[in-house]
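# Understanding the architecture of this molecule
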Amino acid sequence: MTIQNYLNEKITNSWYKNAEIDYGITGKFLDCEAVENDLLIIWEEMGEKQELIIAAFTEYTPEQIYNIWMEEA
């Protein structure tokens, strides 16, 4: 499974599915791309585009990247 597929599954089908049920907050994963040694994650929350850059992402597992996203989002 690619990091893009992993983040789509976790962000769209887990995080935001539960957030909508619990709090009425909608959102979804849009894309991610490597920018040199960093990972740019793009998602949408309540119709607004959001971005996060994780430095040196190759040092992390997909689960760790998702956990970093959760803490920062």
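Here's what I pulled together on the structure shown here. A quick note: this is a predicted structure, and the numbers were derived from the prediction, not measured.

### What about the sheet that holds strand S3 (residues 48-54)?
One open sheet holds the three strands; their spatial order is S1-S2-S3, and the pairing between them is antiparallel. With partners counted over all chains shown, the strands left at the sheet margins are strand S1 (27-35) and S3, one partner each. Across this sheet, the average inter-strand angle for adjacent strands is 20 degrees, counted without regard to direction. Judged from the seven bridges that link them, strand S2 (residues 38-45) and S3 form a sheet pairing that is antiparallel.

### Quick word on the environment of Gln4
Checked against the element boundaries, Gln4 lands in helix H1 (residues 3-23). Looking at Gln4, the relative accessible area reads 32%, which means it is partly exposed. Between the C-alpha atom of Gln4 and that of Trp69, which follows or precedes it by 65 residues, the distance is 13 Å. The residues touching Gln4, leaving out its near neighbours within four places in the chain, are Phe29, Asp31 and Cys32. A distance of 2.5 Å separates the side chain of Gln4 from the side chain of Asp31, its partner in a polar contact.

### Considerations on the packing of H1 against helix H2 (residues 62-72)
The contact between H1 and H2 brings their axes to 10 Å, and the two run at 45 degrees. When the axis of H1 is compared with that of H2, the two are oblique. Considering how the two elements wind past one another, H1 and H2 form a crossing that is right-handed. Where H1 approaches H2, its residues Ile3, Tyr6, Leu7, Lys10, Ile11, Ser14, Trp15 and Tyr16 are matched on the opposing element by Pro62, Glu63, Ile65, Tyr66, Trp69 and Met70. Taken together, the residues that form the contact of H1 with H2 break down as 11 nonpolar, one polar and two charged.

### A few points about unusual backbone geometry
Look at Glu36: it is not a glycine, yet its phi comes out positive at around 55 degrees. For Glu36, the position within the fold is in the loop between S1 and S2.

### What about the packing of aromatic side chains?
Tallying each qualifying case throughout the model produces four aromatic pairs. Between the aromatic rings of Tyr16 and Trp69, the centroid separation amounts to 6.2 Å while the plane-to-plane angle is 70 degrees, which identifies the pairing as edge-to-face. Taken together, the positions of Tyr16 in helix H1 and Trp69 in helix H2 put the pair 53 residues apart, joining distant regions of the chain. With a relative accessible area of 2%, Tyr16 lands in the buried category.

About the cut-offs
- Residues numbered from 1 in each chain as written.
- Predicted model: local features only at pLDDT ≥ 70, side-chain atom pairs only at ≥ 80, totals over all residues.
- Heavy atoms only, no water.
- Pairing = 2+ DSSP bridges.
- Helix = DSSP H or I, 4+ residues; strand = E, 2+ residues; numbered from the N terminus.
- Axes fitted to C-alpha atoms, helices over the stretch in contact; angles between N-to-C directions.
- Buried < 20%, exposed > 50% of the residue type's maximum accessible area, 1.4 Å probe, protein only.
- Contact = heavy atoms within 4.5 Å.
- Polar contact = N/O pair within 3.5 Å; in protein donor to acceptor, adjacent residues only side chain to side chain.
- Parallel < 35°, antiparallel > 145°, perpendicular 65-115°, else oblique.
- Left-handed = near helix turned anticlockwise from the far one by under 90°.
- Nonpolar A, V, L, I, M, F, W, Y, C, P; charged D, E, K, R; others polar.
- Phe/Tyr/Trp six-rings, centres within 6.5 Å; stacked < 30°, edge-to-face > 60°.

This is a description of form; function is not addressed.
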